[in-house]
Amino acid sequence: MKQMQQVVDKYISQFKEGYFHPLSMLARMTEEVGELAREVNHRFGEKPKKAEEEEKSMEMELGDMLFILICFANSLHIDLEDAFDRVMHKYNTRDADRWTRVEE
């Protein structure tokens, strides 16, 4: 994750504008979630694509979401690896008995 954050930072650093303002990033993230939702709806929902609609992939939409998430974290100086470790600790402790485990 640290490497991905560094790659994105190197990419963004080449532009004078730098990272967008946090509210703009949240708006971009919302847009990307909407694009993913549209793809999921086309693939698994009752709304087929129109013939003239551009073909997109769920992989690319998830990639777009990951990119903007990393931009958002970088702009706020958040280490996503640390954040992930802390969240997993929360799920492994607080939610340890919340769901039925698969028998091994």
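Up top is the structure these notes are about.
Residues numbered from 1 in each chain as written. Predicted model: local features only at pLDDT ≥ 70, side-chain atom pairs only at ≥ 80, totals over all residues. Heavy atoms only, no water.

(A) Representation of the overall build of the protein chain in the model. The helix and strand inventory of the protein chain stands at four helices and zero strands. Written out in order from the N terminus, the α and β elements of the protein chain read α-α-α-α. The globule rule puts the C-alpha radius of gyration for 104 residues at 13 Å, and the 18 Å found for the protein chain is more than 25% above it. Once the C-alpha set of the protein chain is aligned to its principal axes, its extents read approximately 45 × 45 × 25 Å. When burial is assessed residue by residue, the protein chain has 19% of its 104 residues classed as buried. For the protein chain, contacts bridging at least 24 residues in sequence account for 63% of all contacts bridging at least 6. On the protein chain, roughly 8500 Å² of surface is accessible, and the fraction owed to carbon and sulfur atoms is 57%. (Helix = DSSP H or I, 4+ residues; strand = E, 2+ residues; numbered from the N terminus. Rg over C-alpha atoms; globule rule 2.2 N^0.38 Å. Buried < 20%, exposed > 50% of the residue type's maximum accessible area, 1.4 Å probe, protein only. Contact = heavy atoms within 4.5 Å. Areas by Shrake-Rupley, 256 points an atom, 1.4 Å probe, with all protein chains shown as cover.)

(B) Highlighting the environment of Lys56. Residue placement: Lys56 occurs in the loop between α2 (22-44) and α3 (58-75). Linking Lys56 and Arg101, residues 45 residues apart in sequence, is a C-alpha distance of 35 Å. Discounting residues that sit within four places of it in the chain, Lys56 has contacts with Glu35, Glu39, Lys49 and Glu61.

(C) Layout of α2. Over its 23 residues, α2 extends 32 Å from the first C-alpha to the last, a length consistent with the 33 Å expected when each residue adds 1.5 Å. Those residues of α2 that sit buried are Met25, Met29, Glu32, Leu36, Glu39 and His42. Residues of α2 that are buried make contact with α3. (Expected span 1.5 Å × (residues − 1).)

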